[in-house]
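Chains, contacts and geometry: an overview
What follows is the residue order along each chain.
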Amino acid sequence: MKERVLTGYRPTGKLHLGHWFGNLQNMLALQDQYQAFYFVADWHALTSEWQNPSDIARYTEEMVLDWVAAGLDPDKCVIYRQSDIVQVSELLLYLSMVTPVSWLERTPSYKEQQQQMSDKDLSNLGFFLYPALQTADIVIMDAARVPVGEDQLPHLELGREIVRRFNATYQAGESGLVEPKALLASSLGQAKDAAGARVPGTDGRKMSKSYGNAIFISDTADEIRKKAMGFMTDPARKQLTDPGDPEVCPLHQVHKLIADEKKIADWETCCRAASCGCVPHKQDFAEDLVAYLADFQARRAELDALPGFAREVLQAGAEKARPIAEATIKRCRDLVGL
Ligand code: ADP
Ligand code: TRP
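Definitions and limits used
Residues numbered from 1 in each chain as written. Chains lettered and ligands numbered in written order. Predicted model: local features only at pLDDT ≥ 70, side-chain atom pairs only at ≥ 80, totals over all residues. Heavy atoms only, no water. Near = heavy atom within 4 Å. Polar contact = N/O pair within 3.5 Å; in protein donor to acceptor, adjacent residues only side chain to side chain. Areas by Shrake-Rupley, 256 points an atom, 1.4 Å probe, with all protein chains shown as cover. 1 Å grid on protein atoms, 1.4 Å probe; cavity = no way out; pocket = protein on both sides within 12 Å on 5 of 7 lines; lining within 4 Å. Sits in = over half its atoms within 2 Å of the grid points. Helix = DSSP H or I, 4+ residues; strand = E, 2+ residues; numbered from the N terminus. Nonpolar A, V, L, I, M, F, W, Y, C, P; charged D, E, K, R; others polar. Pairing = 2+ DSSP bridges. Phe/Tyr/Trp six-rings, centres within 6.5 Å; stacked < 30°, edge-to-face > 60°. Buried < 20%, exposed > 50% of the residue type's maximum accessible area, 1.4 Å probe, protein only. Lys NZ or Arg CZ within 6 Å of the ring centre and 35° of its normal.

Digging into the site of ligand 2
Every one of the 14 residues lining ligand 2 counts as a neighbour, but His44, Tyr130, Gln134, Asp137 and Gln152 are closest to it. Take Tyr130: an N or O atom from its side chain is 2.7 Å from a nitrogen atom of ligand 2. In the complex, 90% of the free accessible area of ligand 2, which totals 370 Å², lies under the protein chains. With respect to the pocket detection grid, ligand 2 is positioned in the largest pocket. If you list the elements that add at least two residues to the shell around ligand 2, you get strand 1 (4-9), helix 8 (130-140) and strand 4 (145-148). Per-element accounting of the shell around ligand 2 gives the leading share, four residues, to helix 8. Among the residues making up the shell around ligand 2, the classes are represented as seven nonpolar, five polar and two charged.

Okay, structure coming up:
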């Protein structure tokens, strides 16, 4: 029996290079080696978008099209929508019994996100429950491995603690909930190096749709060229005559993910020797990226032209995922003794 992996994305926007390299390449490789479960976390999107949820359904379908165009094969992996598996909410309820409030309060992402997304009201209980809901997503499918970016590790660790507490409280033994482990892109060597675990955006911070620093995989060639010209380079390299350090250059870190080794080595040498400027590097990066994304964008346009495709994928996925969720809930009820 292949081990089961599971991961989810919140449908709160378009996919960017951070998703593509931090996660999606990983998901592609895993669909061959594991029983892979990939879901669209629309309830998680609701935790922050509850006042204005009108885009969630559209982004959900777009995400499915992006995934399939990127190479996820609905015959190899199970692609489904979180809210189609209502058993997740029942499991969240059981998990919430064994989870001390203080564990959720100390999750680093909780206060961080409240500060960063200050335009949204995140003082609601739903957002507070975010990591517990994430634990329910994973545990409901008995997933052993969770491919995520580095930023998700605290959620995973919390999930493991919740599972341990549940199993200990109800003396679960053999039928206990499965304790999930993270699978980082960098540890798998899927991205060309560890940079894949945290892809920087155009301003050097982690690429994120909320920071306005993202290059989206659906960006047109012109958008890519424009964003590339604004990409941050080594901040210490103020003039052409200053030698640069490619290790701290965000542009170079992203270029590394798409260009061949020889080209990357050449840019490193000339940057260190101050014999080339950052502008031609940006231009070269932009053309490489346009070419890199061309196949994906062509497939994506084909899927767009198939009406109902995303909905069919989600429906078929829910039919495969639901029996597993029902079995987990039955085990939980038995363990709790209800
Ligand atoms: P965003 O920050 O744009 O809102 P999400 O929180 O929706 O992105 O991220 C979805 C998944 O993609 C997570 O597993 C996350 O770790 C990964 N991810 C997002 N941005 C990056 C990035 N810049 N580098 C690496 N992985 C990323
Ligand atoms: N919290 C994840 C993110 O922000 C999304 C997510 C929800 C998830 N449930 C999950 C990821 C379960 C992995 C497993 O990206």
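Having seen the model, we can carry on.
Let's talk about the pairing of strand 4
Relative to strand 5 (residues 181-184), strand 4 is paired through four bridges, and the arrangement is parallel. Within strand 5, the residue paired with Pro147 across the bridge is Leu183.

Considerations on the site of ligand 1
Not every one of the 17 residues close to ligand 1 is listed here, only the nearest: His16, Asp151, Val199, Ser208 and Lys209. At 2.7 Å from an oxygen atom of ligand 1 is found a side-chain nitrogen or oxygen belonging to His16. A distance of 2.9 Å separates an oxygen atom of ligand 1 from a polar backbone atom of Lys209. Compared with its free state, where it exposes 530 Å², ligand 1 has 94% of that area covered by protein. One can see that ligand 1 is located within the largest pocket. Its residues assigned to classes, the shell around ligand 1 comprises three nonpolar, nine polar and five charged.

Things to note about the packing of aromatic side chains
Applying the stated rule across the entire model yields 12 aromatic pairs. Aromatic side chains Phe37 and Tyr80 sit 6.4 Å apart centroid to centroid with 75 degrees between the ring planes, which places their arrangement in the edge-to-face category. You can see Phe37 sitting in strand 2 (residues 35-40) and its partner Tyr80 sitting in strand 3 (residues 78-81), a full 43 residues away along the chain. Just as Phe37 is buried, Tyr80 falls in that class too. Feature note: the residues Trp20, Phe21, Tyr292 and Phe296 constitute an aromatic cluster, connected by ring pairs. The positively charged end of Lys14 is found above the aromatic ring belonging to Phe216, 4.8 Å away from the centroid. Against the face of Tyr59 rests Arg58, its NZ or CZ located 4.8 Å from the ring centre.

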